[in-house]
Amino acid sequence: MPIEPEDDGDDHATSLVLTTARLVLRSEGAGDRRAIEALAADPRLVDEVLPPRPGEAVDGANFVVIAAESGEVIGQVGYRGLAQTPAPVELLLWLRPEDRGKGLGTEAAHALIDHAFADERVGVLWCAVRVTNDGARRVLEKSGFQFRGSGMLRPPSSGGAFAVERFVLDRRNWASLKAWGAEDGSPAPDAARG
């Protein structure tokens, strides 16, 4: 059964909306929390979902990911400022397991990266993924992120620390990848092209 946002009177007409070929990324409203919480409760996601957890505020931008064709909420993306790292912004993304392996994560990431870099104050994006999350690592690599090291992360909503790999993407590299894609007719940057 599809999980859809509840109608709680949220006025989505004033929400920020990003669209791609197959997705709609809409600013998260109060009515979306039930759908996001239901998706995040999937036991297959418990060890994968890094902040933001459902309902947590993000100092930056936070979007629900909606499949354009069905209208179903399928995940969450966002970015937030980082006060304790040398980079200003961290990218956050997750999709329900049945929508992985279809290029949707990369599609959502590219829309979010474009949106983040539209803000002239954002020069660098960081992202941390669990070392066991091969799919997330592929999304980052296909989006032009470069490996910067490994470490441990202890999110406030988790019971303990876990191993992560950290990746970075700067505005100049993103612009180069987009220009490269435009020259060869590709719809979006793909650093893994061979």
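Quick caveat: nothing in here was measured; it's all calculated off a predicted structure. (Residues numbered from 1 in each chain as written. Predicted model: local features only at pLDDT ≥ 70, side-chain atom pairs only at ≥ 80, totals over all residues. Heavy atoms only, no water.)

Quick word on the pairing of strand β6 (residues 124–130)
1) Next: With six of seven residues buried, β6 is to be regarded as a mostly interior element.
2) Next: Bridging between strand β5 (residues 89–95) and β6 involves two bridges; their strand directions are parallel. When the sheet's bridge partners are listed, Val89 is paired in β6 with Leu125.
3) Next: The pairing of β6 with strand β8 (residues 162–170) spans seven bridges and is antiparallel. Bridge pairing in β8 links Val124 to Asp170. (Buried < 20%, exposed > 50% of the residue type's maximum accessible area, 1.4 Å probe, protein only. Helix = DSSP H or I, 4+ residues; strand = E, 2+ residues; numbered from the N terminus. Pairing = 2+ DSSP bridges.)

Considerations on the packing of aromatic side chains
1) Next: Counted by the stated rule, this structure contains one aromatic pair.
2) Next: Between Phe147 and Phe167, the aromatic rings sit 5.7 Å apart at their centres with planes inclined by 75 degrees, giving edge-to-face as the arrangement. In this pair, Phe147 is assigned in strand β7 (residues 146–153) and Phe167 in strand β8, connecting sequence segments 20 residues apart.
3) Next: Judged by relative accessible area, which is 45%, Phe147 ranks as partly exposed.
4) Next: Take Phe167: its relative accessible area is 2%, and that puts it in the buried class. (Phe/Tyr/Trp six-rings, centres within 6.5 Å; stacked < 30°, edge-to-face > 60°.)

Quick look at the confidence of the model for the protein chain
1) Next: Per-residue confidence for the protein chain gives a mean pLDDT of 79, with 73% of residues at or over 70.
2) Next: Confidence drops under a pLDDT of 50 for residues 53–57, and excluding neighbours within four residues, the segment shows 11 contacts in the predicted structure.
3) Next: Counting contacts from residues 190–194, a segment whose pLDDT is below 50, to residues more than four positions away or on other chains yields 13 contacts. (pLDDT = per-residue confidence, 0-100. Contact = heavy atoms within 4.5 Å.)

Here we look at the pairing of strand β2 (residues 23–27)
1) Next: Of all the five residues making up β2, four are buried; the element is thus mostly covered by neighbouring parts of the structure.
2) Next: Bridge count for strand β1 (residues 17–19) against β2 is three bridges, and the pairing is antiparallel. Across the sheet, the residue bridging to Val17 is Arg26, located in β2.
3) Next: With five bridges connecting them, β2 and strand β3 (residues 60–67) associate as antiparallel partners. Note that in β3 the partner of Arg26 across the bridge is Val64.

Describing helix α2 (residues 104–117)
1) Next: The terminal C-alpha atoms of α2 lie 20 Å apart, and with 14 residues this matches the ideal 20 Å at 1.5 Å per residue to within 8%.
2) Next: With respect to burial, α2 is a largely interior element, 13 of its 14 residues being buried. (Expected span 1.5 Å × (residues − 1).)

Focus: the sheet that holds β8
1) Next: Taking strand neighbours across the sheet as the criterion, the eight strands line up as β1-β2-β3-β4-β5-β6-β8-β7 in an open arrangement whose pairing is mixed. Only two strands of the sheet have a single neighbouring strand rather than two, namely β1 and β7. For this sheet, the mean angle separating the axes of adjacent strands, direction not counted, is 25 degrees. (Axes fitted to C-alpha atoms, helices over the stretch in contact; angles between N-to-C directions.)

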